[in-house]
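# What the coordinates show
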Amino acid sequence: MQIIREVAVTDYQHLVTLEKEHTQRIAIGTNFENGGLTPSRGFMAEAKKYLADQPVSLSTIIRPHLQDHTYNDAEIKIMEADIFDAQQLGLDGIIIDALTDDAQQLDFEALENLIAAAGGMMVTFGTAFDLLPQAKQQAALDWLIEHNVDRVLVHGSADATQSVLANVDWLLELIKHAKQQIDIIPANVLPNEVDEVLTKLSIKQVHVATH
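Residues numbered from 1 in each chain as written. Predicted model: local features only at pLDDT ≥ 70, side-chain atom pairs only at ≥ 80, totals over all residues. Heavy atoms only, no water.

## Quick notes on the environment of Val208
Spelled out, the test is: A run of H or I in DSSP becomes a helix once it reaches four residues, and a run of E becomes a strand once it reaches two; helices and strands are each numbered from the N terminus. Contacts are assigned to residue pairs that have any heavy atoms within 4.5 Å of one another.
Its location among the elements puts Val208 in strand β8 (residues 205-208). Contact partners of Val208, with chain neighbours within four places excluded, come to Arg5, Glu6, Val7, Ala8, Val189, Pro191 and Val194.

## Notes on the pairing of β8
As a reminder of what qualifies: To sort residues, take the accessible area from a 1.4 Å probe on protein chains only and compare it with the maximum for the residue type: under 20% means buried, over 50% means exposed, and anything in between is partly exposed. By this definition, two strands are paired if DSSP reports at least two bridges between them.
Side-chain alternation along β8 places Gln205 and His207 on one buried face and Val206 and Val208 on a second face that is also buried. Looking at chain direction, strand β1 (residues 4-9) and β8 are connected through 4 bridges and run parallel. Among the inter-strand pairings, Arg5 is bridged to a residue of β8, identified as Val206.

## Looking at the packing of aromatic side chains
The criterion, for reference: The pairing test for Phe, Tyr and Trp rings, Trp by its six-membered ring, is centres within 6.5 Å, and the orientation test on the planes gives stacked under 30 degrees, edge-to-face over 60, and tilted for anything in between.
According to the stated counting rule, one finds 3 aromatic pairs in the structure shown. Ring centres 6.3 Å apart and planes at 80° place the aromatic pair Phe125 and Phe129 in the edge-to-face group. Note on accessibility: Phe125 and Phe129 belong to one class, buried.

## Section: the side chain of Gln137
Cut-off, in case you're wondering: Definition of a polar contact: a pair of N or O atoms within 3.5 Å, with one able to donate and the other able to accept a hydrogen when the atoms are protein atoms, and with sequence-neighbouring residues admitted only if both atoms are side-chain atoms.
Note that Gln137 resides in helix α5 (residues 134-146). Engagement of the side chain of Gln137 in a polar contact is seen with the side chain of Trp170, the distance being 2.8 Å. Aside from chain neighbours lying at most four places away, what touches Gln137 is Phe129, Asp130, Leu132, Trp170 and Leu174.

## Structural notes on the layout of surface pockets
Our working rule: Think of a 1 Å grid over just the protein atoms. A cavity is a set of points where a 1.4 Å probe fits yet cannot get out, a pocket is an open set with protein on both sides within 12 Å along at least five of seven lines, and lining residues have an atom within 4 Å of a point. Grid points are joined across faces, edges and corners, and a volume is the space filled by probe spheres set on the points. Gly is placed with the polar residues, together with every amino acid not listed as nonpolar (Ala, Val, Leu, Ile, Met, Phe, Trp, Tyr, Cys and Pro) or charged (Asp, Glu, Lys and Arg).
Its boundaries defined by the atoms lining it, the largest pocket holds a volume of some 650 Å³. Taken together, 32 residues line the largest pocket, and the ones lying closest to its centre are Phe32, Gly35, Thr127, Ala160 and Asn188. Residue classes in the lining of the largest pocket are distributed as 14 nonpolar, 13 polar and 5 charged.

## Focus: the packing of helix α3 (residues 73-88) against helix α4 (residues 108-118)
Our working rule: Axis geometry follows a simple rule: fit a line to the C-alpha atoms, using only the stretch in contact for helices, then measure angles between N-to-C directions, giving values from 0 to 180 degrees. Any angle between 65 and 115 degrees counts as roughly perpendicular, while under 35 counts as roughly parallel, over 145 as roughly antiparallel, and the rest as oblique. Two helices cross in a left-handed way if the nearer one is turned anticlockwise from the farther one by less than a right angle. They cross in a right-handed way if the turn is clockwise.
Contact pair α3 / α4: the axes reach a minimum separation of 9 Å and the direction vectors enclose 20°. As far as their axial angle goes, α4 and α3 are roughly parallel. Here the hand of the crossing between α3 and α4 comes out right-handed. Along the contact surface, α3 presents Ile76, Met79, Glu80, Ile83, Phe84 and Gln87, while α4 presents Ala110, Asn113, Leu114, Ala117 and Ala118. Of the residues belonging to the contact of α3 with α4, the class tally is 8 nonpolar, 2 polar and 1 charged.

Quick look at the structure:
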């Protein structure tokens, strides 16, 4: 089966030097080591132009600050405007998140607004999913499925320094619960662990760590 590898790209020089023959999806943004921030409109535009003739899907992270994954009304409007920019420039997808102040559940209202703004683009929920209590993650998956979210980036633990391989059992539970209605994408997988992760999870998509 064809393996779909996604990598995070932080600037234009990183993009043009990337070994794209081994990459099927690219996610652009800044500060990925801290969860990611929305890139500039200029970067979005040039990335789309550069990849125009290549069979690579291009998504952008949409996140206005690094403090947490909670956004006020003004920040939601900023995120919506950034989504409209990405859509206008022809990007394929967006990576979003929104949690309540206590990170105990999804921020449903905020997410409904962001999903609506996407207007048919591929929508991915980011690794903030790992911050939710495990006991609430399956219900969160159900909500994302009901609202037509396509993918979720999941490390399997709130401890991002931990190898994804240490979280295989929980990832398998999420994959089973999803029933192929939403793609569970193991996130920040070390390059030398990609094959083992894909084999143990019996999947064909992975987000590869680049930092």
